[in-house]
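These are the residues of each chain, in order.
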Amino acid sequence: MRFLPLTAEDRQAMLAAIGAESVDALYRDVPAAARHPEAIDLPNQKTELQVERAMAALAGKNLNCSQAAAFLGAGNYRHHTPAALDYLIQRGEFLTAYTPYQPEIAQGTLQVLFEFQTQVALMTGMEVANASMYDGATACAEAAAMAQRITKRKKVLVSGGVHPHFADTTDTFLKFTGVDVEILPPDVMGLEDLIGRVDEDLACVIVQTPGFFGHLKDFSALADAVHEAGALLVVATTEPLSLGLLKTPGEMGADIVVAEGQSLALPVGFGGPGVGLFASRSKYLRQMPGRLCGETVDVDGKRGFVLTLSTREQHIRREKATSNICTNSGLVATAFSIHMTLLGEKGFTGLAEYNHARAVEAARRLAAVPGVKVLSSTFFNEFAIAFDKPAADVVEALTAKKVLAGVPASRFYPTYPELDGVLLVAVTEMNSDEDLDALVAGLKEVLS
Amino acid sequence: MTETRTITGNRGLMVEERLIFEYDHQNRTAVDVPAVEPYEDRLGGLRRKGGVGLPGLAEPQVVRHYTRLSQKNYGIDTGLFPLGSCTMKYNPRLNEKAARMTGLADIHPFQPVSTVQGALELMDTLSHWLKQLTGMPAVALSPAAGAHGELCGVMAIRAAMDARGENRTTILVPESAHGTNPATAAICGYVVESIPAEESGRVSVEAVKAKLGPHVAAVMITNPNTCGLFEPEMIEISRVVHEAGAYVYMDGANFNAVVGRIRIADLGVDAMHINLHKTFSTPHGGGGPGSGPTVLSAALAPYAPVPYVVRDDKGFRLVEHERDAEGDAKPFGRMKGYHGQFGMFVRALAYMLALGKDGLQQVSGDAVLNANYLYARLADVLSASFEGPVMHEALFDDRFLKDTGVTTLDFAKALIDEGYHPMTMYFPLVVHGALLMEPTETESKAALDQFIEAVRGLAERAKAGDAEYFRQAPVHTPRRRLDETLAARKPVLRWTPPQA
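Residues numbered from 1 in each chain as written. Chains lettered and ligands numbered in written order. Predicted model: local features only at pLDDT ≥ 70, side-chain atom pairs only at ≥ 80, totals over all residues.

*Asks:* Is there a simple way to think about the overall build of chain B in this case?
*Replies:* Tallying secondary structure elements over chain B gives 13 helices and 13 strands in all. Against the compact-globule benchmark of 23 Å for 500 residues, chain B has a radius of gyration of 26 Å, which places it among compact chains. The proportion of buried residues among the 500 residues of chain B is 60%. (Helix = DSSP H or I, 4+ residues; strand = E, 2+ residues; numbered from the N terminus. Rg over C-alpha atoms; globule rule 2.2 N^0.38 Å. Buried ≥ 20, exposed ≤ 12 C-beta atoms within 10 Å, placed from the backbone.)

*Asks:* I tried to follow the pairing of strand E9 (residues 293-297) of chain A on my own but got confused; where do I start?
*Replies:* Working note: regular strand, side chains alternate between the two faces of the sheet. Residue and element names in this part refer to chain A. Counting buried residues in E9 gives four out of five residues, a clear majority hidden from the surface. In terms of strand pairing, E9 meets strand E10 (residues 303-307) through five bridges, oriented antiparallel. Paired with Val297 across the two strands is Arg303, which belongs to E10. (Pairing = 2+ DSSP bridges.)

*Asks:* What am I meant to see in the sheet that holds strand E7 (residues 294-296) of chain B here?
*Replies:* Two pairing modes exist for strands in a sheet, parallel and antiparallel, and in both the strands are linked by backbone hydrogen bonds. Residues and elements named next belong to chain B. Pairing is mixed in the open sheet, where seven strands are placed in the order E1-E7-E6-E5-E4-E2-E3. The outermost strands of the open sheet, each flanked by one partner alone, are strand E1 (138-140) and strand E3 (191-195). Between one strand axis and the next, the sheet turns by 25° as a mean value, whatever way the strands run. Summarising the sheet, strand E2 (residues 170-174) and strand E4 (residues 216-222) pair through three bridges and their orientation is parallel. Its bridge partner being in E4, Thr170 is matched across the sheet by Val216. Sitting on the sheet, helix H6 (residues 180-187) is in contact with E2, E3, E4 and strand E5 (247-251), with an inclination near 175° to E2. (Axes fitted to C-alpha atoms, helices over the stretch in contact; angles between N-to-C directions. Contact = placed C-beta atoms within 7 Å.)

*Asks:* Could you clarify how one ought to interpret helix H2 (residues 48-60) of chain A in this entry?
*Replies:* Since there are 3.6 residues in each turn of an α-helix, residues three or four apart along the chain are aligned in direction. Helix length check: H2(A) (13 residues) gives 18 Å between terminal C-alpha atoms against 18 Å at 1.5 Å per residue, within 8%. Looking only at H2(A), the buried set comprises A:Val51, A:Met55, A:Leu58 and A:Ala59. When H2(A) is viewed along its axis, its buried side chains cluster within an angular range of 105° and face the same direction. Away from its buried face by more than 90 degrees, H2(A) exposes A:Leu49, A:Gln50, A:Arg53 and A:Ala57. Tucked inside the fold, the buried residues of H2(A) contact helix H2 (93-99), helix H3 (102-105), helix H4 (117-134) and helix H9 (342-378) of chain B. (Expected span 1.5 Å × (residues − 1). Arc of directions from axis to C-beta.)

*Asks:* Just checking my understanding: could you explain the confidence of the model for chain B for this structure?
*Replies:* Note that predicted coordinates carrying low pLDDT should not be read in detail. Looking at chain B, pLDDT values average 96 and 99% of them are 70 or higher. In the predicted assembly, ipTM is 0.98 and pTM is 0.97. (pLDDT = per-residue confidence, 0-100.)

*Asks:* Would you mind going over the environment of B:Ala350 with me for this structure?
*Replies:* As for its placement among the helices and strands, B:Ala350 is situated in helix H9. Residue classification places B:Ala350 among the buried residues on the basis of 28 C-beta atoms within 10 Å. Spatially, the C-alpha atom of B:Ala350 lies 33 Å from that of B:Pro232, the residues being 118 residues apart in sequence. Non-local contacts of B:Ala350, meaning those with residues more than four positions away in its chain, are made with A:Val51, A:Met55, B:Leu94, B:Asn95 and B:Ala98.

*Asks:* I keep staring at the nonpolar core and nothing clicks. Help me out?
*Replies:* Generally speaking, nonpolar side chains in soluble globular proteins are found buried as a group. Membership of the largest hydrophobic core comes to 328 residues, with the highest contact counts inside it found for A:Cys204, A:Val205, A:Val234 and B:Ala156. At 23 residues, the largest contribution of residues to this core is made by H9(B). With residues up to four places along the chain from it excluded, the contact list for A:Val234 reads A:Ala143, A:Ala144, A:Ala147, A:Cys204, A:Ile206, A:Asp255, A:Ile256 and A:Val258. (Core = buried A, V, L, I, M, F, W, Y, C linked by C-beta atoms within 7 Å.)

*Asks:* Looking at this structure, I do not really get the domain arrangement of chain B. What am I missing?
*Replies:* Quite often, the size of an interface is put as the accessible area lost when its parts meet. Residue and element names in this part refer to chain B. Domain boundaries assigned for chain B yield domain 1 (7-24 + 53-72), domain 2 (94-350) and domain 3 (358-486). Computed from C-alpha atoms alone, the centre-to-centre distance between domain 2 and domain 3 is 30 Å. On the side of domain 3, 19 residues touch domain 2, which itself brings 18 residues to the contact. A class-by-class count of the residues in the side of domain 2 that touches domain 3 yields eight nonpolar, eight polar and two charged. (Domains from an automatic or database assignment. Nonpolar A, V, L, I, M, F, W, Y, C, P; charged D, E, K, R; others polar.)

*Asks:* So what exactly am I meant to see when it comes to the domain arrangement of chain A here?
*Replies:* Here the domain parsing of chain A yields domain 1 (8-49), domain 2 (65-80 + 346-447) and domain 3 (83-339). Inter-centroid distance (C-alpha atoms) of domain 1 of chain A to domain 2 of chain A is 55 Å.

*Asks:* Honestly, the sheet that holds strand E8 (residues 276-280) of chain A in this entry has me stumped. Any pointers?
*Replies:* Residues and elements named next belong to chain A. On the basis of which strands lie adjacent, the open sheet formed by seven strands has the order E2-E8-E7-E6-E5-E3-E4 and mixed pairing. The sheet terminates laterally at strand E2 (128-129) and strand E4 (180-183), the two strands that pair on one side only. With five bridges connecting them, strand E7 (residues 256-260) and E8 associate as antiparallel partners. Looking at E8, one finds that Val258 is bridged to Phe278. The strands touched by helix H6 (residues 136-151) are strand E3 (155-158), strand E5 (202-208), strand E6 (232-237), E7 and E8; relative to E7, the strand with the most contacts, the crossing angle is about 165°. Docked against the sheet, helix H8 (residues 220-228) engages E5 and E6, running at close to 145° with respect to E6.

*Asks:* Help me out: how do you make sense of the packing of helix H5 (residues 146-164) of chain B against H6(B) in this one?
*Replies:* For any two helices packed against each other, one specifies the inter-axial angle together with the distance between the axes. All names here are of chain B. The contact between H5 and H6 brings their axes to 9 Å, and the two run at 45°. Judged by the inter-axis angle, H5 sits oblique to H6. Crossing handedness for the pair H5 and H6: right-handed. Where H5 approaches H6, its residues Gly146, Ala147, Glu150, Leu151 and Val154 are matched on the opposing element by Thr180, Asn181, Thr184, Ala185 and Ile187. Broken down by class, the residue content of the contact of H5 with H6 amounts to five nonpolar, four polar and one charged. (Parallel < 35°, antiparallel > 145°, perpendicular 65-115°, else oblique. Left-handed = near helix turned anticlockwise from the far one by under 90°.)

*Asks:* I'm lost on the interface of chain A and chain B in this one. Help?
*Replies:* Between chain A and chain B, the contact holds 171 residues from the first and 170 residues from the second. It is helix H12 (residues 330-367) of chain A that provides the largest number of residues to the side of chain A that touches chain B, a total of 22 residues. In terms of residue class, the side of chain A that touches chain B is built from 85 nonpolar, 54 polar and 32 charged.

*Asks:* Can you walk me through the pairing of strand E11 (residues 394-397) of chain B in this structure?
*Replies:* Of the pairings in the sheet, the one linking strand E10 (residues 383-384) of chain B to E11(B) comprises two bridges and is antiparallel in character. Residue B:Ser383 lies in a different strand from E11(B), and its bridge partner there is B:Asp397.

*Asks:* Which parts of the structure should I look at to understand H5(B)?
*Replies:* Residues and elements named next belong to chain B. For H5, which comprises 19 residues, the first-to-last C-alpha distance of 27 Å matches the rise-based estimate of 27 Å (1.5 Å per residue) to within 8%. H5 sits mainly inside the fold: 15 of its 19 residues count as buried. One or two positions beyond H5, positive phi appears at Gly165, with a value near 75°.

*Asks:* Would you explain the environment of A:Pro370 in this entry?
*Replies:* All names here are of chain A. One can find Pro370 in the loop between H12 and strand E11 (373-374). The class for Pro370 is exposed, based on 8 C-beta atoms found within 10 Å. It is 7.7 Å that separates the C-alpha atoms of Pro370 and Ser448, two residues lying 78 residues apart in sequence.

*Asks:* Even after reading the chapter, I still don't get the packing of helix H1 (residues 8-18) of chain A against H9(B), so can you show me in this structure?
*Replies:* At a minimum axis distance of 9 Å, the contact between H1(A) and H9(B) shows a crossing angle of 45°. Comparing the axis directions of H1(A) and H9(B) gives the class oblique. Note on packing geometry: the crossing formed by H1(A) with H9(B) is left-handed. Together, A:Arg11, A:Met14, A:Ala17 and A:Ile18 of H1(A) and B:Leu369, B:Asn372, B:Tyr373, B:Ala376 and B:Arg377 of H9(B) make up the contact between the two elements. Per-class residue counts for the contact of H1(A) with H9(B) are six nonpolar, one polar and two charged.

Structure representation (structure tokens):
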């Protein structure tokens, strides 16, 4: 077997050195009643070519986004991956390293994390960021748990503009600890009144920008009301590229910012892995979950980096830790950071502007299609439109024409019939003029 | 001796590399974006006022920056990585190739399910392999890492207890457990009680029995345990736990030792996570992404979280909402966004198909053989904590360093100078100054022999009284020992512009 270097002679020599008769003899602590390898019904080993063909066969059963005009978003966004990015994250020293517990031989990973933390803090307008969480949804749940620790309150209010997976994950994460998570109904038009719901029982209010249905809001007044009540404001985003163009959550008064970083790190990849971004205020540093990378010096006085403040973490604090997280999303954070470095100030803000301009153009053209109503008055690169017929049917009909028109709201909100006609349409630099022509032509045909 | 006398501070291949923020901030970019024609924006007045503050580098600068940083890292590709309980095995490159196939990478989680039948079939096939390899009837794929899998298992236990109308308060965890176990139990609202280890490094039925009662919801037990030993009384432990009306969570971090040889179901387990980034070779990536599918017994299966894949006569589909669950399924909720760590599923399945049943049996056999070989060849110079044979890893403590003035940490740092990643240190907590070595099956005998010579040589050097050598180590690294106290006392967690 090509991954296993021991030869039969090696094994014999090693057994002799150990003084064991056979490998089986080394398993003597395993009760005989548990040794039933014969009950495992699986095929034997395959060559690399055979495996490659099996995987390609599975890949071939999918319609991939490059084979279609794809306008899919709803939390995962398709952007161009620079060739240098994928090359760099495949370097074995990044790919096959462990969590940097031995800083003398992990300065590469550690410096990347320090740069990542800085980039995330700058983008979100916050003071500190951690070294990543599993994904945006779990980061959101951890933010609510952190707010609960800080305020010692047991109520969380989630806006109807928050991605439903973020909301559901937060609810699941907290419900067993007796925290009441109230999730407001879907807020398609961005008209929900949150300030009127703020009270002094709340640990935090969670909002999202751009909202799940696309709209943009200034949360500054909400932040004031939330702080007045002694609670925290958590601002989520699922499209960090938007931060290149928009007023930052930090500027609006957010206490914690969480985001799904996939869009700037990896291909859509069927939704995973992603990377959770997590940023906050310095005063809450010791309540933050996850790994933190900090600057220090070595015995020669040279600057270096280490994982720090680990007394918050499970391997030291065990049941009193701020989180149970151990593995996070290191390589995706690395990809995110490399992409941000490639983009730089000019690329990041320019790409954000370009995305928005493309989306504005798409919204303008779609608004002219009979039977299409553009619902979002403000948006970044994704907006909601509505038909008189179920959006899922429209999507199904267009799929046959190799147009993946968007994500029907009913996929997330099957119990809200009033949302059956609503479709989320995302437009990025990946959508060519021909893609847009195909979407418009397809919709005209299907809706006529 | 470590004073750098070069003009630049560089030392040959060890090149000093500034932060990206310390490059000169010219208006460069490595990504050219088309110019935007004048247009009327739809930002509702929320346009960002100032700049972001990011540096601007051209592509060659960026590639060189990260190449240099990568060269300051030690990975499995660099050399032997005997980090106990972490299973640092070789990560086949075919996994990476498969994960980058357009049909597996460029698919969106919310495409119509009719267009992603291959992806759902892949998830279903992975589930089939995990169920076959464990003998368990169900698996929840969505947990994002080992600790997240623990959370999945304990939440399923909590949901099952709630369904039974029982308000049990406590989870028992042996003291040798990884810190995630008690942290997970606490997140689910449980009180943690510790089970002491026996002299032999194992957990005894009697010790578990002594702590069991109507207040106990579950026992979380790592097997093979973090001392590298199989729990010989596991079946009996499961029996008494079940008799007390509680569930058995087995931490599967060390599944690599037994994969293909035993079925977890035969041990009486109710839930176990499997770290795809350990046993099934998906890369650790400097700390993730991981993936922690969690197998469940018939008693816990109904509570598995959404989403999950089902197959009917029309093909595969996803159950994404709790209310869409059919039959006796009562999902406890959702653990993360989207559909799980799909890219890790691709890599793990490529690995499973490559190895097959016979190959996986060889994996566990060689992993155990390599660990026992280390144990046998080092027993006379280090101090073995428990009597073998061991499973996938070998635990030593620091008795061999007694009166030498050398600590476990010093010893590990000296190994770095020899070109090795150190073993796990000071864990598990049940022995003093632990050194936990897990060579994995992807090391050759020659590589182990070299490592053994290095360890033996260092042990002899320590015993000969050369403590100063160890205190100085490492000296051949990009950075020497770092001041962790300073980092924690005055946290600097981001770059800030120098004061004018």
